[in-house]
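Listed below are the residues making up each chain.
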Amino acid sequence: MCGVVGYIGSKEAAPILIDGLQRLEYRGYDSAGIAVLCGGKIESSKEVGRLVNLEKMLAIHPIKGTRGIGHTRWATHGAPSQINSHPHLSSDGSISVVHNGIIENYAELREELSTKGHKFISETDTEVVPHLIEQSLKEGAKSPVEAILRTLKRLRGAYALGILFRDEPDAIYCARKGSPLIIGLGEHENFIASDVPAIINRIKKAIYLNDGEVAVLRADSVEICTIEGVAVVPEIKEISFQAEAAECAGFETFMLKEIHEQPRILRAMLEKHVSADGKIDIGSSLSPDYFRKLNRIMIVSCGTAYHAGMYGKLLLENLTGIAVETDLASEFRYRDPKIDPGTLIIPVSQSGETADTLASIRMAKEWGCRICAICNVEGSSVVRESDAVFFTNCGPEIGVASTKAYTAQLMAFALFALYVAGVRGNLTPEQIKSYLTDLQEVPDAVHYVIQKKEEIRAIGEKHHDGPSSLYLGRKFNYPTALEGALKNKEISYQHAEGYAAGEMKHGPIALINEALPVICICTKTADEVYEKMLSNIKEVEARSGRIIAVATEGDTEIAKLAGDIIYVPAVRDEFTPIVNVVGLQLLAYYAARARGTDIDKPRNLAKSVTVE
Ligand code: M6R
């Protein structure tokens with residue numbers, strides 16, 4: 001959602017802020033702005049729409065200065081407009097603020113401040129923040145930090161704040177609670193940003209600000225304290241990925257690049273977690289004994305990560321005998337799920353900042369549960385609030401539509417389930433070896449599917465223009481159907497519905513006619529699932545549906561039924577979702593391309609949903 005950047009040093013701030021905001025574009029936004037300290041005044045520039053509009057404005061009216069803050073806004077309170085864009089100013093123009101998050105009690109604060117003479121010009125929740133800081137200074141706060149601390153104590157909700165004071169030219173300030181914020185450390189210059197990719201080209205070291213912390217950045221120093229004013233010694237982290245990881249690297253989009261990265265990422269995960277003698281190391285601080293005694297798992301996540309959770313449930317149930325449930329974090333947090341402290345909670349998240357997933361973790365911790373996350377982003381809130389983490393280590397995922405993070409989450413579940421099954425004795429060491437041998441084939445199988453992208457492109461282009469499509473799958477590939485449909489609707493804006501194929505007769509069969517593409521995931525299986533899928537396909541055929549099958553290489557039976565086929569290599573049933581979904585990612589990709597959408601930044605979507 002909103003992106004925050006800040007700079008203090010000796011270089012011109014505006015180009016650095018714009019560059020950082022461009023690198024945050026993937027988070028989703030509808031307006032942008034910057035504020036720079038310029039000749040003893042705070043100068044701002046804000047524009048609705050893409051950053052290029054702001055750049056054009058800055059080309060006409062440049063703002064010169066070496067410290068500043070910037071923002072991309074994803075509208076929550078008030079429509080996208082110049083007035084509602086950040087940064088927002090205090091009444092006297094001396095304090096400028098950018099904000100990611102939501103101030104829940106803004107209405108009452110606004111009313112209170114209005115009675116004290118403050119004039120508000122926007123509809124945003126954020127605008128109360130500079131006014132409250134100004135008011136705190138008027139009421140005796142002796143320093144900007146004291147005024148910020150007093151202000152934060154009045155705020156309810158979530159925030160990552162960047163703050164500029166006209167009368168404190170040697171510092172910029174920031175604070176966080178519930179929304180991500182990092183401090184990038186440079187040579188005689190320092191930065192703030194919503195995440196590392198925003199400034200990855202400028203820094204090698206960063207501080208991940210903790211919730212409830214406030215920082216003062218000067219060109220040569222960073223001081224941090226808690227909301228109570230207690231000094232904090234920050235942990236400085238080396239950035240583990242290269243700037244190129246956040247570049248397009250010759251691909252036409254980040255999404256296409258990320259699809260192509262999948263074989264390498266999956267191989268790297270296997271290398272990292274499986275030793276030469278076939279032992280799985282999940283890097284967890286939870287002991288083998290903990291897993292031996294475990295009798296219930298609850299997986300919570302959103303969107304694509306929820307589909308990974310559905311796969312995790314099926315696999316863990318199959319391999320470990322543990323009772324596993326999965327739920328949307330946005331639903332889980334409002335349920336009364338009768339969880340006891342012995343239940344292991346597995347939150348799954350690419351960004352590690354999804355508000356509902358975090359709320360679920362916090363709730364489960366109150367019940368005394370242990371938390372073992374599957375997460376991609378080091379230093380993220382999910383990572384910091386969990387007892388143990390299985391890192392997917394995909395590098396930054398910039399495309400809004402998740403691809404590599406998903407297959408890495410599936411791989412993480414596969415390794416995790418095999419590890420737990422081994423520890424508990426559900427599988428013998430020989431059985432685990434056999435599974436691992438089959439799992440090792442998956443990266444090459446994924447590579448094979450990617451090599452067929454021109455064939456998949458032709459299918460995507462052929463079927464891209466209808467109003468709707470239906471995705472069907474069973475058992476391990478029911479989540480694949482949901483994920484394929486989600487990819488399609490996210491980036492091509494074609495309505496797409498994922499369904500358990502066995503449910504087709506209970507409703508969606510009414511949709512089928514000669515205009516409806518029905519994408520059937522029908523790879524060969526050792527059990528009856530394949531036969532059942534074939535029956536479903538025949539039912540679609542009988543109603544003249546346009547059948548696109550994802551099928552196993554060499555399957556001649558399916559060629560008699562399906563109009564178009566995405567052939568994938570045979571892999572063990574349990575691992576087919578990791579391979580099959582790649583065909584669907586490419587199908588959605590090329591359909592979206594044919595429809596001319598903005599694939600990396602689809603309309604209305606934000607990469608990480610940091611508000612409810
Ligand atoms: O960062 P997270 O994995 O927690 O994000 C969860 C969802 O917001 C995310 O998967 C979303 O559905 C993506 N746009 C899917 O492509």
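Anything mentioned here points back to the structure above.
Given the structure is predicted, the values throughout are model-derived calculations rather than measurements. The residue numbering used here restarts from 1 in each chain and proceeds along that chain's sequence as written. For a predicted model such as this one, the threshold for reporting local features is a pLDDT of at least 70, and the threshold for listing and counting side-chain atom pairs is 80 or more; totals across whole chains, interfaces and linings nevertheless cover every residue. Values reported for side chains reflect all heavy atoms of the structure, with hydrogen atoms and water molecules removed beforehand.

Student: What am I meant to see in the overall build of the protein chain here?
Tutor: The helix and strand inventory of the protein chain stands at 19 helices and 25 strands. For 612 residues, the compact-globule estimate of 2.2 N^0.38 gives 25 Å, and the protein chain sits close to it at 25 Å. Projected onto the principal axes, the alpha-carbon positions of the protein chain cover approximately 80 × 55 × 45 Å. Exposed residues in this analysis have more than 50% of their type's maximum accessible area, buried residues have under 20%, and partly exposed residues fall in between, with area computed by a 1.4 Å probe over protein chains only. Here the protein chain holds 612 residues, and 61% of them are scored as buried. Note on definitions: a residue-residue contact is assigned when non-hydrogen atoms from the two residues lie within 4.5 Å. For the protein chain, the share of sequence-separated contacts (at least 6 apart) that also reach a separation of at least 24 residues comes to 71%. Here the protein chain has roughly 22,800 Å² of accessible surface; of this, 51% comes from carbon and sulfur atoms. The helix and strand labels rest on DSSP assignments: H or I over at least four residues marks a helix, E over at least two residues marks a strand, and numbering proceeds from the N terminus. Our radius of gyration is a C-alpha quantity, and the globule rule it is checked against amounts to 2.2 Å times the number of residues to the power 0.38. Exposure was quantified through the Shrake-Rupley algorithm and a 1.4 Å probe, taking into account, for residues, occlusion by the shown protein chains and nothing else.

Student: Would you take a moment to explain the pairing of strand β6 (residues 95–103) for this structure?
Tutor: On a regular strand, one side chain projects to one face of the sheet and the next to the other, so that they alternate. The buried fraction of β6 amounts to nine of the nine residues, a majority that puts the element mostly inside the structure. Here, any two strands with at least 2 DSSP bridges between them count as paired. Where strand β5 (residues 88–89) and β6 come together, two bridges link them in antiparallel fashion. What sits directly across from L89, in β6, is S96. In this structure, the hairpin formed by β5 and β6 is closed by a connection of five residues, where G93 is found at a positive phi of approximately 70 degrees.

Student: Sorry if this is basic, but what is going on with the sheet that holds strand β15 (residues 236–238) here?
Tutor: Within a beta sheet, neighbouring strands are joined by backbone hydrogen bonds and run either parallel or antiparallel to one another. A sheet is described by the order of its strands in space; here eight strands give the open sequence β3-β2-β4-β1-β10-β9-β11-β15, paired in antiparallel fashion. A strand with exactly one partner marks an edge of an open sheet, and here the two such strands are β3 (41–48) and β15. On average, adjacent strands in this sheet sit at an angle of 20 degrees to one another, irrespective of strand direction. Where strand β2 (residues 31–38) and β3 come together, eight bridges link them in antiparallel fashion. Across the sheet, A32 pairs through a bridge with E47, a residue of β3. Packing of helix α1 (residues 13–23) onto the sheet brings it into contact with β1 (3–8), β2, β4 (67–73) and β10 (190–193), and relative to β2 it is tilted by some 155 degrees. The angle between two axes is taken between their N-to-C directions and runs from 0 to 180 degrees, where each axis is a line fitted to C-alpha atoms and a helix contributes only its stretch in contact. The sheet strands contacting helix α2 (residues 51–60) are β2 and β3, and the helix crosses β3 at an angle near 135 degrees.

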